[in-house]
Amino acid sequence: MDLLLDTTIQIDRITGTRKRQSAVKEKLRGNELFCSTYVLGEYYSNIVNDLVTLYGLFLMDEDPAETMKRITERVFGRSQSRAIKLFANILSICDSDAEQIKDTFLLYMDLIQDEFYADVKEMLDTTQCARANRKIEYEEGVPFLPAVSCAKGNKVCEICSFWKDATAEAEKLVEVDGIDEKIKSIFKKARDSEQEYQGKNCWTLGDVIISVEALKGLENPGVCSSNKKDFQPICDAIGIGLAVPDYSWKKHT
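I will try to describe carefully the structure that is included in this document. (Residues numbered from 1 in each chain as written. Predicted model: local features only at pLDDT ≥ 70, side-chain atom pairs only at ≥ 80, totals over all residues. Heavy atoms only, no water.)

**Considering the sheet that holds strand S3 (residues 122-124)**
(1) Moving on: Across the sheet, which stays open at both edges, the 5 strands sit in the order S3-S2-S1-S6-S7 with parallel pairing between neighbours. Single-partner strands in this sheet number two, and they are S3 and strand S7 (241-243). On average, adjacent strands in this sheet sit at an angle of 35° to one another, irrespective of strand direction.
(2) Moving on: Of the pairings in the sheet, the one linking strand S1 (residues 2-5) to strand S2 (residues 32-36) comprises 3 bridges and is parallel in character. The residue bridging Leu-3 from the neighbouring strand is Leu-33, located in S2.
(3) Moving on: With respect to the sheet, helix H1 (residues 7-15) is in contact with S1, S2 and strand S6 (221-224), its orientation differing from that of S1 by roughly 80°.
(4) Moving on: Across the sheet, helix H3 (residues 37-61) is in contact with S1, S2 and S3; its angle to S2 comes to roughly 65°. (Pairing = 2+ DSSP bridges. Helix = DSSP H or I, 4+ residues; strand = E, 2+ residues; numbered from the N terminus. Axes fitted to C-alpha atoms, helices over the stretch in contact; angles between N-to-C directions. Contact = heavy atoms within 4.5 Å.)

Rendered as structure tokens:
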């Protein structure tokens, strides 16, 4: 099967624990791997942004213990768990010396960007996602990600053209049971205004966009994701496969 790797898989195969990486590798074995600039945009807005934030927190004191405290005080939600995992990965490959940690951070900045493309046969660019069109930059040694203004009425990508070519899929998903009502609501409103596809609504439609990209861009289409709950009804509705790594060991740990 041709598998389009979603953001959860890209994060797990690069920064996950050994067990997660092993489970992902096993699921991907024997398949052709693809990704997209939309997934890359999500990746930069999540794990890469978390790494940039984490380095900024470390530079405040250059002390690992204080950095951990700042993570719990200043980083919240999923970003907090990702930041903790990233910092653990960095500390596992260096001593507690501040200069060595800084050097490791800089190496990790490159690794987390470069490894995204590992074993990927082709990058699809059907949305021309603006969030993907950036790299980590530095100002006086401090990293930052250039801002991207994703807002309704602000044309920075081709998401409206993407959905114009996928009208049939959008209409089909409106009628399918099991699809999130927020997704259905966006599709219904977009019948009158294509701007409904822009801004934060585009992020809400992320799983659908990735699935439709696979459908239209791959010969034997499928998606690989750890998020079976949300992807399964979407993939079933549009008739593509779904590959999910076996994380069943989590229930026993």
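**Remarks on the packing of aromatic side chains**
(1) Moving on: A complete count under the given rule lists 11 aromatic pairs for this structure.
(2) Moving on: Both rings, one in Tyr-55 and one in Phe-105, keep their centres 4.7 Å apart while their planes meet at 35°; by these two values the pair is tilted. Separated by 50 residues along the polypeptide, Tyr-55 in helix H3 and Phe-105 in helix H6 (residues 98-114) bring together distant segments of the chain.
(3) Moving on: Given the relative accessible area of 3%, Tyr-55 is considered buried.
(4) Moving on: Taken together, Tyr-43, Tyr-44, Phe-116 and Tyr-117 form an aromatic cluster joined through their ring pairs.
(5) Moving on: Between Arg-20 and the ring centre of Tyr-247, over which it is positioned, the NZ or CZ distance is 4.7 Å. (Phe/Tyr/Trp six-rings, centres within 6.5 Å; stacked < 30°, edge-to-face > 60°. Buried < 20%, exposed > 50% of the residue type's maximum accessible area, 1.4 Å probe, protein only. Lys NZ or Arg CZ within 6 Å of the ring centre and 35° of its normal.)

**Looking at the pairing of S2**
(1) Moving on: Among the 5 residues that make up S2, 4 are buried, leaving the element largely enclosed by the rest of the structure.
(2) Moving on: In terms of strand pairing, S2 meets S3 through 3 bridges, oriented parallel. Pairing of Cys-35 across the sheet is with Met-123, part of S3.

**Observations concerning unusual backbone geometry**
(1) Moving on: A positive phi angle is found at Asp-119, which is not glycine, with a value near 65°.
(2) Moving on: Looking at the element boundaries, Asp-119 is found in the loop between H6 and S3.
(3) Moving on: With a relative accessible area of 64%, Asp-119 lands in the exposed category.
(4) Moving on: In the Ramachandran plot, Glu-140 falls in the positive-phi region, its phi being about 55° despite a non-glycine side chain.

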